Amino acid sequence: DTGVSQDPRHKITKRGQNVTFRCDPISEHNRLYWYRQTLGQGPEFLTYFQNEAQLEKSRLLSDRFSAERPKGSFSTLEIQRTEQGDSAMYLCASNIPDGPQHFGDGTRLSIL
Amino acid sequence: DAKTTQPPSMDCAEGRAANLPCNHSTISGNEYVYWYRQIHSQGPQYIIHGLKNNETNEMASLIITEDRKSSTLILPHATLRDTAVYYCIGTGANSKLTFGKGITLSVRP
């Protein structure tokens, strides 16, 4: 069990650029979640997949955000036309039904 | 999700038990109490969860009151590495997690 893996760990980009993050869940975990965490706050839910189906999206997930999980394994989160307010830690978690969510160490995004 | 209330911070001496309280008076019958902790620059780490009964694992014990309106996370022998933000969350077994601000535990030498 290698844990949830996220890549990259850090991303620095200029405002207006597009960025994409990747999450590899724990093997055989069919549920995958994305959260966002800003400084001094707890993580906030963004979206959730069961296998390849995106079943829930938060109002925080604006039109500039899109998440995919095409084969029900890894997932990507893309942010288009980044803004200063997108600076945050983006966390991924996975679980099996009725099991606790296990988190990766996140991707820290900094917008210049 | 149940609203949870935690004190903002507490400290304890290394080697002593750390008892972290959480109030969740609005928790519904099918909602679990989950505890996570987060060390700086890392993702949240799952600690333990329970529904009605007290639970114990290799990391901690969870004591849930009979009326389920509050619970206590117990770290039996705190070490410096247990210094972290601890989150108490009340939610369904297959639901998203709603994090509050948590309680910052400082373990002093």
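Details of the structure are given in the entry above.
Keep in mind it's a predicted model, so treat the numbers as computed, not measured.

Student: Would you mind going over the layout of surface pockets in detail, with residue names and values included?
Tutor: Taken as a whole, the largest pocket holds about 400 Å³ of empty space. In terms of lining residues, the largest pocket is bounded by 19 residues, among which Gln37, Leu39 and Gly40 of chain A together with Gln38 and His40 of chain B are the most central. Mapped by element, the contributors of at least two residues to the lining of the largest pocket are strand S9 (88-95) of chain A together with strand S8 (84-91) of chain B. Top element by residues in the lining of the largest pocket is S9 of chain A. It accounts for three residues. Split by residue class, the lining of the largest pocket holds seven nonpolar, 10 polar and two charged. The space that makes up the second largest pocket amounts to roughly 180 Å³. Counting residues per element, the ones that place at least two in the lining of the second largest pocket are strand S10 (102-103) of chain A together with strand S4 (45-50) of chain B. The residue inventory of the lining of the second largest pocket, partitioned by class, reads five nonpolar, five polar and one charged.

Student: Explain the sheet that holds strand S1 (residues 5-7) of chain A to me, and be specific about the residues and the numbers.
Tutor: Residues and elements named next belong to chain A. On the basis of which strands lie adjacent, the open sheet formed by four strands has the order S1-S3-S8-S7 and antiparallel pairing. What marks the edges here is a single partner per strand, and that holds for S1 and strand S7 (65-68). Strand-to-strand twist of the sheet, defined as the mean angle between neighbouring strand axes without regard to direction, takes the value 15°. Pairing of strand S3 (residues 19-24) with strand S8 (residues 75-79) involves five bridges; the strand directions are antiparallel. Pairing of Val19 across the sheet is with Ile79, part of S8.

Student: How would you summarise the pairing of S8 of chain B if you had to cite specific residues and measurements?
Tutor: Residue and element names in this part refer to chain B. Along S8, seven of the eight residues are buried, which leaves the element largely enclosed by surrounding structure. As paired elements, strand S3 (residues 32-38) and S8 share seven bridges and run antiparallel to each other. Across the sheet, Tyr36 pairs through a bridge with Tyr87, a residue of S8. Looking at chain direction, S8 and strand S9 (residues 103-108) are connected through three bridges and run antiparallel. Looking across to S9, one finds that Tyr86 is bridged to Ile103.

Rules behind the numbers
- The residue numbering used here restarts from 1 in each chain and proceeds along that chain's sequence as written.
- Each chain takes a letter, starting from A, and each ligand takes a number, starting from 1, following the order in which they are written.
- In keeping with the predicted nature of the model, local features appear solely for residues at pLDDT of at least 70, side-chain atom pairs appear and are counted solely at 80 or more, and the whole-chain, interface and lining totals rest on all residues.
- The basis for every side-chain value is the complete set of heavy atoms in the structure, and neither hydrogens nor water enter the calculation.
- Here the term cavity refers to a set of points on a 1 Å grid, laid over the protein atoms alone, in which a 1.4 Å probe fits but cannot get out; the term pocket refers to an open set having protein on both sides within 12 Å along at least five of seven lines, with lining residues being those that place an atom within 4 Å of a point.
- Grid points are joined across faces, edges and corners, and a volume is the space filled by probe spheres set on the points.
- Helix numbers and strand numbers start at the N terminus; a helix is a DSSP run of H or I with at least 4 residues, a strand a run of E with at least 2.
- By the convention adopted, Pro, Cys, Tyr, Trp, Phe, Met, Ile, Leu, Val and Ala count as nonpolar, Lys, Arg, Asp and Glu as charged, and the other residues, Gly among them, as polar.
- Note on pairing: DSSP must find at least two bridges between two strands before they are called paired.
- With axes taken as lines fitted to C-alpha atoms, and helix axes fitted only over the stretch in contact, angles between N-to-C directions fall between 0 and 180 degrees.
- Only protein chains enter the accessibility calculation, which uses a 1.4 Å probe; a residue is then buried when its area is under 20% of its type maximum, exposed when over 50%, and partly exposed in between.

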